[in-house]
Amino acid sequence: RRQNGLPPGPPTYPIVGNLLTFPRKQPHIQFSAWARTYGDIFSLKVMHLTIIVLNSPTAVKELIDKRSQSTANRPGSLIADMITGGLNMGAARYPDKIWKTLRRAAVAMLNTNNLEKSKPMLRAEASQLMLDVLRNPENFYEDISRLTTSSFLAIIYGHRAVRSSSSEAKVFRQLQLDFMNVVEVGKSPPVDLIPALAWVPERYASWKRRVMSVSRRYDALYGELLSLVKGRVTRGQQNGAFMEDAYLRRNELELSDAMLLNLGGTLLGGSDTSSAVLQNLVLLLVAHPEVQAKAQKEVDDVVGHDRPPAWSDMEHMPYLRALLEEVNRFRPVGPLALPHAMSQDEWVDGLFFPKGAVLFINLWAIFHDERYFANPEKFEPERFLRHPLGVNPDVTDDPGRRENMMFGGGRRVCPGINAGKAVVGINAVNLLWAFDFSPAKDPCSGEMVQPDLLAFTEGVNATPLPFKCTITPRSTAKAEIICQCFLEQSDVLGLYEQDASPEDKGYLSELRSSLRR
Ligand code: HEM
């Protein structure tokens, strides 16, 4: 039963509460439907657990931003703790010292000054994405994943992943999949709800064996990456990676070796959202040729056809900015952000938010709310030209709406906002400058096959599932510039190739010589 004062919600059953109707897949969709019936703040009971879903900017502002002292905790995840020894920043409890220490170090590393220093490398990486797509357009989805993994490996560890088959890229991708496959609700027994399950010995609990395997591989990957950093520091061959800074300042930042290892791991894990945004962009460009044409016209007007885009070009591209905002509104990659938890009781406008309750920010409901967005199911970047936050100019907006809602809020707001936006921005402008995107052709009928705009992963992150499309360079002159541009970036990329494997070094030298011929 709901306690007195809890926000309303769907009817509960004895003992299990709302467990039987709790959505197992894409919960944001059912949550948004419940919000239309029960209001902007509704609650669910799942056995003894209280879940409260916030479905409006004002609800987020009142709870997550204004009362962040009470709402900055995370629900416990025994499995994440087993893998990371309780040192994963995204899952760490508030106000524990572990979270504070890791967060302080992450914010210090991801600051705008450091990011500025990484921009030449990010542009060089972006030049490789253009080249990879030019050489093998069918592989674009994988290439985007390699790009973001490599960009963040380079930013964080100073070591890039040259190919999708490079050891770190492969191990990281598999580890991310396996990590999510044990941590996500429904993928392992509900040990957080029924703690006794955690006492079952490993030989009878296959989930424990999977968790321990992820844990071992997690330590091995991030331990190895950290030793590359230490090696460069010892040899005096630093390349400006964030972890070099964290390692050198470890005493001042109070970071143990285990914390350093997990800090890098958490940050690299955060990078996956950026590839999902870029994959969404391609998906939506394929489905909306008129939007693609407008964005390309703007890019052509600013950049022209004789050189690749530069960072400074983006300041002059309001349509590109609107396009990226609309991609994130239409298909937010974290539709429920990450769950928060109440660390103390609060009463807000007559509603009770008890200590221990889990809070979800329903970004999907906030971005698809018909009260504020005209025709929210339509993909229309122009709405962000008409209004800075995309809402219909004829309505009075929810006063709590603010920029960057897709990055969550309060003390837990994403620390990678600027880095994520930078990687997405430079690659978006490059792709529009270089290529035309259209639906794939059915090999038998020759007919165009429109991509499925609803085929997404079903867990915490909504990543578009791999899809096919046709990608062609916009001209032979541009194809030539793409090859030259990659070659010109060799020195910048070389700084991050010091520890590349002999196979990757061989591949690169062959690639560069073939481009020079
Ligand atoms: C476009 C890309 C990105 C999106 C949409 C995104 C979104 C989010 C969201 C919604 C949260 C939860 C915030 C909350 O709890 O209120 C979050 C947390 C987090 N993000 Fe991002 N993120 C992105 C890129 C990145 C990048 C590039 C990094 C690292 C370099 C990163 C690292 C993190 C970390 C470590 C947290 C946990 C923070 C904490 O619990 O204190 N994110 N992100």
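Everything numeric in this text was worked out from a predicted model, so none of it was measured.

Asker: What's the story with the overall build of the protein chain in this structure? I'm lost.
Answerer: Looking only at helices and strands, one finds 20 helices and nine strands in the protein chain. Rg of the C-alpha trace for the protein chain: 23 Å, near the compact-globule value of 24 Å for 517 residues, within the 12% margin. Taking the principal axes of the C-alpha coordinates as reference, the protein chain spans close to 75 × 55 × 45 Å. Here the protein chain, with 517 residues, has 45% of them falling under the buried criterion. Excluding contacts between residues fewer than 6 apart, the proportion of contacts in the protein chain whose partners are at least 24 apart in sequence is 72%.

Asker: Just to check I follow, could you spell out the confidence of the model for the protein chain for this structure?
Answerer: Low-confidence regions, as indicated by low pLDDT, have predicted coordinates that should not be scrutinised in detail. Residues at a pLDDT of 70 or more form 100% of the protein chain, whose mean pLDDT is 95. Taken over the whole predicted complex, pTM reads 0.96, whereas the ipTM for its chain interfaces reads 0.99.

Asker: Can you walk me through the site of the ligand in this structure?
Answerer: Within the structure, the ligand sits among 29 residues, and Gly270, Gly408, Cys414, Gly416 and Gly420 are positioned closest to it. For the shell around the ligand, the elements supplying multiple residues, two or more each, are α5 (97-109), α11 (257-270), α12 (272-287) and α17 (417-434). Among the residues making up the shell around the ligand, the classes are represented as 15 nonpolar, 12 polar and two charged.

Asker: Help me understand the packing of α5 against α11 in this model?
Answerer: Each pair of packed helices can be described by the angle between their axes along with the distance between the axes. Contact pair α5 / α11: the axes reach a minimum separation of 11 Å and the direction vectors enclose 60°. In terms of orientation, α5 lies oblique with respect to α11. In this structure, α5 crosses over α11, and the sense of that crossing is right-handed. For the pair α5 and α11, the contacting residues are Thr101, Leu102, Ala105 and Ala106 in the first and Met259, Leu263 and Leu267 in the second. Residue classes in the contact of α5 with α11 are distributed as six nonpolar, one polar and no charged.

Asker: Which parts of the structure should I look at to understand the sheet that holds strand β8 (residues 448-449)?
Answerer: In sheet architecture, strand pairing relies on hydrogen bonds along the backbone and comes in two forms, parallel and antiparallel. Taken in spatial order, the three strands make up an open sheet running β8-β7-β9, and their pairing is antiparallel. With one partner strand each, in any of the chains shown, β8 and β9 (469-473) form the two edges of the open sheet. Bridging between strand β7 (residues 435-441) and β8 involves two bridges; their strand directions are antiparallel. Each bridged residue has a counterpart across the sheet, and for Lys441 the counterpart in β8 is Met448.

Asker: How should I be thinking about unusual backbone geometry in this particular structure?
Answerer: Excluding glycine, residues mostly have negative phi values, and the peptide bonds linking residues are mostly trans. Here Tyr94 and Pro95 are connected by a cis peptide whose omega angle stands at 5°. Within the element layout of this structure, Pro95 appears in the loop between α4 (78-84) and α5. Of note, Gln26 is a non-glycine position whose phi angle comes to about 40°, a positive value. Positionally, Gln26 belongs in the segment before α1 (27-38). With a phi close to 60°, Glu254 is a non-glycine residue in the positive phi region.

Asker: Explain the sheet that holds strand β2 (residues 49-54) here, please?
Answerer: The four strands are arranged β1-β2-β6-β3 in an open sheet whose pairing can be described as mixed. Each edge of the sheet is formed by a strand with only one pairing partner; in this case those strands are β1 (41-46) and β3 (340-341). Where β3 and strand β6 (residues 358-361) come together, two bridges link them in antiparallel fashion. From the neighbouring strand, Ala341 faces β6, where its bridge partner is Val358.

Asker: So what exactly am I meant to see when it comes to the UniProt feature "binding site: heme" (unreviewed entry) in the protein chain here?
Answerer: With numbering aligned to this structure, UniProt lists the feature "binding site: heme" (unreviewed entry) at Cys414. As for its position among the elements, Cys414 is in the loop between α16 (383-386) and α17. With residues up to four places along the chain from it excluded, the contact list for Cys414 reads Phe407 and Gly408.

Asker: Help me out: how do you make sense of the packing of α12 against α17 in this one?
Answerer: Where α12 meets α17, the closest approach of the two axes is 9 Å, and the angle between their N-to-C directions is 30°. Considering their axes alone, α12 and α17 lie roughly parallel with respect to each other. Pair α12 / α17 crosses with right-handed handedness. Here Thr273, Ser274, Val277, Leu278 and Leu281 of α12 lie close against α17, whose contacting residues are Gly420, Val423, Val424, Asn427 and Ala428.

Asker: What's the story with the pairing of β1 in this structure? I'm lost.
Answerer: Taken residue by residue, a regular strand's side chains alternate between the two faces of the sheet. Within β1, five of the six residues are buried, leaving the element largely enclosed by the surrounding structure. Where β1 and β2 come together, six bridges link them in antiparallel fashion. Residue Ile41 lies in a different strand from β2, and its bridge partner there is Leu54. Taking the residues between adjacent antiparallel strands as the criterion, β1 and β2 are bridged by two residues, where Met47 takes a positive phi near 55°.

Criteria and thresholds
Residues numbered from 1 in each chain as written. Predicted model: local features only at pLDDT ≥ 70, side-chain atom pairs only at ≥ 80, totals over all residues. Helix = DSSP H or I, 4+ residues; strand = E, 2+ residues; numbered from the N terminus. Rg over C-alpha atoms; globule rule 2.2 N^0.38 Å. Buried ≥ 20, exposed ≤ 12 C-beta atoms within 10 Å, placed from the backbone. Contact = placed C-beta atoms within 7 Å. pLDDT = per-residue confidence, 0-100. Near = placed C-beta within 6 Å. Nonpolar A, V, L, I, M, F, W, Y, C, P; charged D, E, K, R; others polar. Axes fitted to C-alpha atoms, helices over the stretch in contact; angles between N-to-C directions. Parallel < 35°, antiparallel > 145°, perpendicular 65-115°, else oblique. Left-handed = near helix turned anticlockwise from the far one by under 90°. Pairing = 2+ DSSP bridges. UniProt positions renumbered as here; feature names shortened; annotations may be inferred.

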